[in-house]
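Given next are the chains, with one letter for each unit.
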Amino acid sequence: MHGHGARPNLCHYADCERSSPGQGFPRRYNLFDHMRRVHGWQGEKDEGSADSSGSRKARTQKRKPITTSAKVEKKPKLSKAVQQQQQRERQRNALNKEWSTKKQSIAGLLASLNSLGDMNEDHNAQLHKDIEELFALREQYHSGIKEELAD
Ligand SMILES: [Zn+2]
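Since this is a predicted model, take the numbers as computed values, not measurements. By convention here, each chain's residues receive numbers from 1 onward along its written sequence. With the structure being a predicted model, the display of local features is reserved for residues of pLDDT at least 70 and the display and counting of side-chain atom pairs for 80 or more, all residues being used for whole-chain, interface and lining totals.

A few words now on the overall build of the protein. The numbering of helices and of strands both runs from the N terminus, where a helix is a DSSP run of H or I of at least 4 residues and a strand a run of E of at least 2. Across its full length, the protein carries 4 helices and 0 strands. Ordering the α and β elements of the protein from the N terminus gives α-α-α-α. Within the protein, the proportion of its 151 residues that are buried is 4%. Long-range contacts, defined as pairs at least 24 residues apart, comprise 33% of the intrachain contacts of the protein with a sequence gap of at least 6. Labels follow a simple rule on C-beta atoms placed from the backbone: if 20 or more others lie within 10 Å of a residue's own, it is buried; if 12 or fewer, it is exposed; otherwise it is partly exposed. For every residue pair, C-beta atoms are placed from the backbone, and the pair is scored as a contact if these atoms sit within 7 Å.

As structure tokens, this is what we get:
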């Protein structure tokens, strides 16, 4: 173990000759100086230096949040024609959904009737109402977009 205690501060760079036992530096200051000079090391400042507040302050200092406009960024403007096309598509999808539901309701009511004797005025009224709504949807399907265009 002779000589080991004299140069206990070995270089942190494994491929450096000063990283071998006995080849280190007597003081950490010398080691850090060596690593900075030889290896371009940018680690801690001089050992025991009381002035560590400088770098620390810089590290903990909060960065200003970068306010990008990414969130509010709007999609590239679509042409009016494309917008109308999409609007029309949405309307028609919604109307088709409604229509499908209404249709099933009518079919369900009819399916529940087994004979003419089962039919009563309530069914009559209900069916009329449903069919009217069914065709009202059709009106919207064909005319709804025209109001949009007229605007
Ligand atoms: Zn070294």
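The next thing to look at is the environment of G22. Examined against the element boundaries, G22 turns out to sit in the segment before α1 (28–39). When the 12 C-beta atoms within 10 Å are taken as the criterion, G22 is described as exposed.

Let us look at α1. Multiplying one less than the number of residues by 1.5 Å gives the expected span of a helix. When the terminal C-alpha atoms of α1 are compared, their 15 Å separation across 12 residues agrees well with the 16 Å that a helix rising 1.5 Å per residue should span. Trailing α1 by a residue or two, G40 shows a phi angle of about 70 degrees, which is positive.

Such coordinate-based values are descriptive only and should not be taken to indicate function.
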